[in-house]
Every structure is written in C-alpha cells, then in structure tokens.
Amino acid sequence: MADVDNELNLGQGGKQSKQAKEKESGGMKKIIMIVVALLLVGGGAAAFFLMGGESDQPAAEDGAEIANTKQSEEPDEAPIYLALDPAFVVNFEHNGSIRYLQLSLQIMSYEQAAIDKVFTNMPAVRNSLIMLFSGQDYDYLNTVEGKENLRKEVLTSIHQVVRLKNNLKVNDVFFTGFVMQ
C-alpha cells in the first residue's frame, strides 16, 4: 500500500510539476509578447522620427523651390575646416586690472585653395588676430552681441591679411573655445 501511496504522490507531484511548468512557460510567453510589442512600438516610433513624420513642410511642388533655394546658398562641396592652433591667449586692461582672453578658432571654406592660402600666411593671420583680440572691451565681450561682432571682425581681418583672389573666400569663423578671466 505504501507503494501505491508513493505512486499516487509521484503522480500528483508529476501533475503539480507539469502545472508549474505550464505556468512558467505561460509567464515566459507573456514576457516575450510584451518585449516584442515594445520593440515594435519603439521601432515604429524611431522610423516615424527618422522619416520625418508629419511636418509643416509645403507640398512636393513647393519642396522643389525650397531645395533650389538651399542649393543656391550653399555649394555642393563639403566644408573644409582649419584650426588656428595653438589657442590665442591675450591680455588687456579692464578697470585698472589685467584680464585674460583665451580663444580657440576654426575657419571654414568650401575651397581648399582658400584654406591653403590662410595656412601659408598663418604668421600674418595670427599677428593680426592677436592685435584685434588685445584691443577688445571686456564688458562688451561678455555679451552675445560682442562675441558675434568679434567673430565678424575676425573674418574681415583674415580677408584683409590673406587677400584672397578669384572668388576664393573664408566663408565663416567659429569660436571653439572662449574663456575670459
């Protein structure tokens, strides 16, 4: 009889473990379904944003006009950058004390010939910029307007020193570091 009881217990134990296994696999199925659903939703959202989603852009016929406008403003070539290294460090007087300005700059042009000409004339360019930076007003440089004006003056100074010809030009100047003390 003990053998029968053991067989019954084993049989019930077998049923319980089978039910437990079904519960575990059912739970795993739910988890897998949730993960798949999240991946689909996330992938759909990513595709929506990457493809631009709904936008306030004009219809296709107006889009052609916008594309033509952008092409006329920017050349097809990739911009070329030249870092004016090392960083410029100048001192100037402010209210009876000495202040310091450290600037890191990069110039940008669409023509390699313009970059080459600036590189060839680097000593003259650096001298001109050091003189420009040391003559600045500390309070004015603390404003966004002052920094933007200085950026424009740097561009003008480079053009005056390098004297680019044949429609070559430095298109822009970027401050990559700007520290005042």
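Caption draft 1: Main features of the packing of aromatic side chains. This structure, assessed with the given rule, holds four aromatic pairs. Ring centres of Phe-88 and Phe-133 lie 5.3 Å apart, and the angle between their planes is 80°; on these two criteria the pair is classed as edge-to-face. Taken together, the positions of Phe-88 in strand E2 (residues 88-94) and Phe-133 in helix H4 (residues 122-134) put the pair 45 residues apart, joining distant regions of the chain. Pair check on accessibility: Phe-88 and Phe-133 agree, each one buried. Pairing Phe-92 with Tyr-138 gives two aromatic rings, centres 6.3 Å apart and planes at 45°, and the pair type is tilted. Taken together, the residues span a long stretch of sequence, with Phe-92 in strand E2 and Tyr-138 in helix H5 (residues 138-141) at a distance of 46 residues. On the accessibility criterion, Phe-92 (5% relative accessible area) is buried. Taking the ring centre of Tyr-138 as reference, the NZ or CZ of Arg-99 above it sits at 4.5 Å.

Caption draft 2: Fine view of the side chain of His-94. Assignment of secondary structure puts His-94 in strand E2. If sequence neighbours within four positions are ignored, His-94 has contacts with Arg-99, Tyr-138 and Asp-139.

Caption draft 3: Region of interest: the pairing of strand E3 (residues 97-109). Sheet analysis places strand E1 (residues 80-83) next to E3, joined by four bridges and oriented antiparallel. Its bridge partner being in E3, Tyr-81 is matched across the sheet by Met-108. Note: E2 against E3, seven bridges, orientation antiparallel. Paired with Val-89 across the bridge in E3 is Gln-102. Here E2 folds back onto E3 in antiparallel fashion, the turn holding two residues, of which Asn-95 has a positive phi close to 50°. Relative to strand E4 (residues 172-180), E3 runs antiparallel, the two sharing eight bridges. Among the inter-strand pairings, Leu-101 is bridged to a residue of E4, identified as Met-180.

Caption draft 4: Structural context of the packing of helix H3 (residues 112-120) against H4. Where H3 contacts H4, the two axes come as close as 5 Å, and the packing angle between them is 75°. In terms of orientation, H3 lies roughly perpendicular with respect to H4. In this structure, H3 contributes Val-118, Phe-119 and Thr-120 to the contact, and H4 contributes Met-122, Pro-123 and Val-125. Within the contact of H3 with H4, the residues separate by chemical class into five nonpolar, one polar and no charged.

About the cut-offs
- Residues numbered from 1 in each chain as written.
- Predicted model: local features only at pLDDT ≥ 70, side-chain atom pairs only at ≥ 80, totals over all residues.
- Heavy atoms only, no water.
- Phe/Tyr/Trp six-rings, centres within 6.5 Å; stacked < 30°, edge-to-face > 60°.
- Helix = DSSP H or I, 4+ residues; strand = E, 2+ residues; numbered from the N terminus.
- Buried < 20%, exposed > 50% of the residue type's maximum accessible area, 1.4 Å probe, protein only.
- Lys NZ or Arg CZ within 6 Å of the ring centre and 35° of its normal.
- Contact = heavy atoms within 4.5 Å.
- Pairing = 2+ DSSP bridges.
- Axes fitted to C-alpha atoms, helices over the stretch in contact; angles between N-to-C directions.
- Parallel < 35°, antiparallel > 145°, perpendicular 65-115°, else oblique.
- Nonpolar A, V, L, I, M, F, W, Y, C, P; charged D, E, K, R; others polar.

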